[in-house]
Amino acid sequence: MPRLWPCLVAFSMACRAFAATGPGSIPLPGDRAFPESITSARDGTLYASSLATGGIYRIPPHSTEAQMWIEPAAFGTHSTFGVLADEKAGLLWVCSNDLSARGLNVGTSDGVSALFGFDLKTGAGKVSAPFPSKPSTCNDIAIGPDGAAYVTNTAAPQILRLARGAKELEVWFTDLSLQPEKGGGLDGLAFGPDGNLYVNTVGPGELYWIDVKKGKATKLTRLTPSRPLFRTDGMRRYGKNFLLIEGQGRLDLMTVHGDSASVETLKDGYVTPTGVTSVGRTAWVSEGQLSLLTDPDKKPALPFHVYAVPLPEPR
């Protein structure tokens, strides 16, 4: 299936579907955006991170323009990974990692991976919680039924937890099976309607669910998908189901039945998609084009965009 283009350039399915309500895609400024994650508020405001330059882009509701809202290196941040709008707490949670050893210099090099919280209205820095041990890569975030922020560590088989009002992260769950011998580790995560936590691993594309009893992790179970998955990445709850990104180009709808998962491809053809969020019955997908990340002299063939995709009725 062809890539989504802005409505003035091509008449794709998504553009026709959104012609009356909004754009099919929104460009991110600059040629080094490399968005790693995207999130949304209830009013439709979108927030996207930037792995290469840091900072947070903000797209107001019904707007066709993205602007840098939180400046690169603000409040001690580095390259920005997962982002999540937590409207109950009034915070935008942001994963930050110092990638200066890989040639991506954002802020003062200190080797720190951390979870940051910014005021959702003003963008002011409010929370800074470094990872308590190394190796560490703060990747993605979910808010649990208890209001705590749960974070995946891609560099180690850990899910960390920052309790509501706490200042320090704690290792909430760890299991060696979540760290493959080759390829990346934990990536996307989302709580299901049953209160359990669902996670995936980048690289091998594996899915797991963690049984949660009274806020405690009790059991890890591997899910069997209806087809092989490749480089699973961002994941968000949608109704009783989940939206799932595959880094090889797909946006999926995932339905869990016991220990199995039915996976339906909603859209294909992205260049390394990284994150997904929903606003009503619209999914917004960030396209990272990460294969070009390590070559600072090579510009992407297309500008970086976030793309709109129509969704089925949530169930």
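Predicted model only: the values in this text are computed from it and were never measured.

About the criteria used
Residues numbered from 1 in each chain as written. Predicted model: local features only at pLDDT ≥ 70, side-chain atom pairs only at ≥ 80, totals over all residues. Heavy atoms only, no water. Helix = DSSP H or I, 4+ residues; strand = E, 2+ residues; numbered from the N terminus. Rg over C-alpha atoms; globule rule 2.2 N^0.38 Å. Contact = heavy atoms within 4.5 Å. Areas by Shrake-Rupley, 256 points an atom, 1.4 Å probe, with all protein chains shown as cover. Buried < 20%, exposed > 50% of the residue type's maximum accessible area, 1.4 Å probe, protein only. Pairing = 2+ DSSP bridges. Axes fitted to C-alpha atoms, helices over the stretch in contact; angles between N-to-C directions. Core = buried A, V, L, I, M, F, W, Y, C linked by side-chain atoms within 4.5 Å. Disulfide = S-S within 2.5 Å. pLDDT = per-residue confidence, 0-100. Polar contact = N/O pair within 3.5 Å; in protein donor to acceptor, adjacent residues only side chain to side chain. Phe/Tyr/Trp six-rings, centres within 6.5 Å; stacked < 30°, edge-to-face > 60°.

Peer 1: Can you walk me through the overall build of the protein in this structure?
Peer 2: Along the protein, the regular secondary structure elements total one helix and 24 strands. Taking 20 Å as the expected radius of gyration for a compact globule of 315 residues, we find that the protein reaches 18 Å, a close match to that expectation. Each principal axis of the C-alpha atoms in the protein carries an extent, and together these give about 50 × 45 × 40 Å. Across the protein, every contact between residues at least 6 apart in sequence was considered, and the portion connecting residues at least 24 apart equals 51%. If you sum the accessible surface of the protein, you get close to 13600 Å²; carbon and sulfur atoms cover 53% of it.

Peer 1: What should I look at first to understand the pairing of strand E19 (residues 241–246) in this one?
Peer 2: For a regular strand, the rule is simple: side chains alternate between the two faces of the sheet. Along E19, six of the six residues are buried, which leaves the element largely enclosed by surrounding structure. Burial of E19 is two-sided: the residues Asn241, Leu243 and Ile245 facing one way and the residues Phe242, Leu244 and Glu246 facing the other way are all buried. The pairing of strand E18 (residues 232–238) with E19 spans five bridges and is classified as antiparallel. Within E19, the position partnered with Thr232 by the bridge is Glu246. Here E18 hands over to E19 after two residues, with Gly239 in that stretch at a positive phi of 60°. The pairing of E19 with strand E20 (residues 250–257) spans five bridges and is antiparallel. Bridge assignment links Ile245 to a residue of E20, and that residue is Leu251. Counting the residues in the hairpin turn of E19 and E20 gives three residues, including Gly249, whose phi is positive at 130°.

Peer 1: Explanation requested: the sheet that holds strand E9 (residues 125–130) in the structure shown.
Peer 2: Through backbone hydrogen bonds, the strands of a sheet pair up, either in parallel or in antiparallel fashion. Reading across the sheet, the four strands line up as E6-E7-E8-E9 and stay open at both edges, with antiparallel pairing between neighbours. At either margin of the open sheet sits one strand with a lone partner, and together these are strand E6 (79–86) and E9. Averaged over all pairs of adjacent strands, the angle between their axes in this sheet comes to 20°, without regard to strand direction. In terms of strand pairing, strand E8 (residues 113–119) meets E9 through five bridges, oriented antiparallel. Within E9, the position partnered with Phe116 by the bridge is Ser128.

Peer 1: It is not clear to me how the nonpolar core should be interpreted in this structure. Could you clarify?
Peer 2: As a rule of thumb, soluble globular proteins bury nonpolar side chains together. Core analysis: the largest hydrophobic core is formed by 36 residues, its most contacted members being Leu28, Trp93, Leu115, Leu162 and Leu169. Examining the composition of this core, we find that three residues originate from one element, strand E7 (residues 91–97), more than from any other. Apart from residues lying up to four places away in sequence, Leu169 is in contact with Leu115, Ala129, Pro130, Phe131, Pro132, Val151, Leu160, Arg161 and Leu162. Within the second largest apolar cluster, 15 residues are counted, among which are Tyr150, Ile159, Leu178 and Ile210.

Peer 1: What exactly am I supposed to notice about the pairing of strand E22 (residues 273–279) here?
Peer 2: Among the seven residues of E22, five are classified as buried, and the element is accordingly described as predominantly covered. Relative to strand E23 (residues 282–287), E22 is paired through six bridges, and the arrangement is antiparallel. Following the sheet pairing, Val279 is matched in E23 by Thr282. The loop that links E22 with its antiparallel partner E23 comprises two residues; one of these, Gly280, has a positive phi angle of about 60°.

Peer 1: Honestly, the state of the cysteines in this entry has me stumped. Any pointers?
Peer 2: Note: disulfide means a covalent bond formed between the sulfur atoms of two cysteine side chains. All told, the structure shown has one disulfide when counted by the stated rule. Bridging Cys95 to Cys138, the disulfide has an S-S length of 2.0 Å. Disulfide Cys95 to Cys138: torsion about the S-S bond roughly -60°, handedness left-handed. One end of the pair, Cys95, is in strand E7; the other, Cys138, is in strand E10 (residues 138–143), with 43 residues separating them in the sequence. Of the two residues examined, Cys95 and Cys138, each falls in the buried class.

Peer 1: What's the story with the confidence of the model for the protein in this structure? I'm lost.
Peer 2: Residues at a pLDDT of 70 or more form 91% of the protein, whose mean pLDDT is 91. When the criterion is pLDDT under 50, residues 1–20 qualifies, and its contacts beyond four places in sequence or with other chains add up to 40 contacts.

Peer 1: I would appreciate a short explanation of the side chain of Ser37 in the present structure.
Peer 2: Mapped onto the elements, Ser37 comes out in the loop between strand E1 (25–27) and strand E2 (38–40). Within polar-contact distance, the side chain of Ser37 engages the backbone nitrogen of Val83 at 3.2 Å. Discounting residues that sit within four places of it in the chain, Ser37 has contacts with Tyr47, Ala48, Ser49, Phe81, Gly82, Val83, Asp140, Arg236, Thr274, Gly275 and Ser286.

Peer 1: How should the packing of aromatic side chains be read in this particular structure?
Peer 2: The geometry of an aromatic ring pair is captured by the separation of the ring centres together with the interplanar angle, meaning the angle of the planes. Applying the stated criterion across every chain yields a total of eleven aromatic pairs. Summarising the aromatic geometry, the rings of Phe116 and Phe118 are spaced 6.4 Å apart at their centres and angled 25° between planes, so their arrangement reads as stacked. Taken together, a centroid distance of 6.4 Å and an interplanar angle of 55° make the contact between Trp172 and Phe173 tilted. Both residues of the pair, Trp172 and Phe173, count as buried. Here the aromatic cluster, defined as three or more aromatic residues joined through ring pairs, consists of Tyr150, Trp172, Phe173 and Phe191.

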